[in-house]
Amino acid sequence: QVQLVESGGGLVQAGGSLRLSCAASGRTFSSYTMGWFRQAPGKEREFVAAISRSGNTDYADSVKGRFTISRDNAKNTVYLQMNSLKPEDTAVYYCAASGLLLRRRPSAYDYWGQGTQVTVSS
C-alpha cells in the first residue's frame, strides 16, 4: 500500500509559478513510476507528467517546456514545478503511483492522492 498526499496548490496569476509536492508513505517509493494528472471541471482526468524509477520523464505536449517533474527517493517525494502558468492549467492536480514503466493512462496507476487545486487567473 502507498498513500499519497499532495500539497502546494493555490491561486496564481497567469505567467506565475507553483511547485506541487506529493509525499508518499511506504518503503517502496523508489520502485514506482510516479505521475501527475489533472482534472478540470466537466473534463476527464488527463495526463500531465510522469517520472520512472530510473528518472526518465514524459510530459504532455500542453506542458512540455513549462513543467518539470522530479523525485527525491530519500524523501519519498515527487515534485511538479510549474512555470509560465496559463488559465487553462486550472484544475485539480493529482499524483499517482504505478508499478509499470512510464504510462499516460490513468488506469495504469494503482494509487492516487486526494488532489490539490491549482487556479490560474488571467
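How each quantity is defined
Residues numbered from 1 in each chain as written. Predicted model: local features only at pLDDT ≥ 70, side-chain atom pairs only at ≥ 80, totals over all residues. Heavy atoms only, no water. Helix = DSSP H or I, 4+ residues; strand = E, 2+ residues; numbered from the N terminus. Rg over C-alpha atoms; globule rule 2.2 N^0.38 Å. Buried < 20%, exposed > 50% of the residue type's maximum accessible area, 1.4 Å probe, protein only. Contact = heavy atoms within 4.5 Å. Areas by Shrake-Rupley, 256 points an atom, 1.4 Å probe, with all protein chains shown as cover. Lys, Arg positive; Asp, Glu negative; His and termini not counted. Charge placed at Lys NZ, Arg CZ, Asp CG, Glu CD. Pairing = 2+ DSSP bridges. Salt bridge = Lys/Arg side-chain N within 4 Å of Asp/Glu carboxyl O. Axes fitted to C-alpha atoms, helices over the stretch in contact; angles between N-to-C directions. Polar contact = N/O pair within 3.5 Å; in protein donor to acceptor, adjacent residues only side chain to side chain.

Looking only at helices and strands, one finds zero helices and eleven strands in the protein chain. Taken from the N to the C terminus, the helices and strands of the protein chain come in the order β-β-β-β-β-β-β-β-β-β-β. Radius of gyration (C-alpha) of the protein chain: 13 Å, near the 14 Å computed for a compact globule of 122 residues. Taking the principal axes of the C-alpha coordinates as reference, the protein chain spans close to 40 × 25 × 25 Å. For the protein chain, the proportion of its 122 residues judged to be buried stands at 43%. Considering only contacts within the protein chain whose residues lie at least 6 apart along the sequence, 59% involve residues at least 24 apart. Taken as a whole, the protein chain presents about 6,300 Å² of accessible surface, with 45% of it coming from carbon and sulfur. The centroid of the 14 positive side-chain charges in the protein chain is displaced by 5 Å from the centroid of its 9 negative side-chain charges.

Residues other than glycine seldom take positive phi values, yet N76 does so here, at roughly 50 degrees. Here N76 is to be found in the loop between β7 (67-72) and β8 (77-82). Of note, the phi angle at S84 is positive, near 50 degrees, even though the residue is not glycine. With respect to the helices, strands and loops of the structure, S84 is situated in the loop between β8 and β9 (91-98).

Before going further, it helps to spend a moment on the pairing of β7. With burial as the criterion, only one face of β7 is covered, namely that bearing F67, I69 and R71; the residues T68, S70 and D72 on the opposite face remain uncovered. Bridging between β7 and β8 involves six bridges; their strand directions are antiparallel. Bridge assignment links T68 to a residue of β8, and that residue is Q81. From the end of β7 to the start of β8, which pair antiparallel, there are four residues, and N76 there has a positive phi angle of about 50 degrees.

Across all of its chains, the model carries five salt bridges by this definition. Measuring nitrogen to oxygen at the nearest pair gives 2.6 Å for the salt bridge that ties R38 to E46. Judged by its relative accessible area of 36%, E46 falls in the partly exposed class. The shortest N-O distance in the salt bridge between R38 and D89 comes to 2.9 Å. Taken together, the residues R38 in strand β4 (residues 33-39) and D89 in the loop between β8 and β9 connect sequence positions 51 residues apart.

Moving on: the sheet that holds β8. The strand order across the open sheet formed by four strands is β1-β3-β8-β7, and the pairing between neighbours is antiparallel. The sheet is open, and its two edges are formed by β1 (4-7) and β7, each paired on a single side. The average undirected angle you get between the axes of adjacent strands in this sheet is 15 degrees. The pairing of β1 with strand β3 (residues 18-24) spans four bridges and is antiparallel. Directly across from E6, in β3, lies its bridge partner C22.

Right, let's talk about the side chain of S98 for a bit. Residue placement: S98 occurs in strand β9. Given a relative accessible area of 1%, S98 falls into the buried group. In terms of polar contacts, S98 uses its side chain to reach the backbone carbonyl oxygen of A108, at 2.8 Å. Sequence-distant contacts of S98, that is, excluding residues within four places in its chain, are made with Y32, T33, A108, Y109 and D110.

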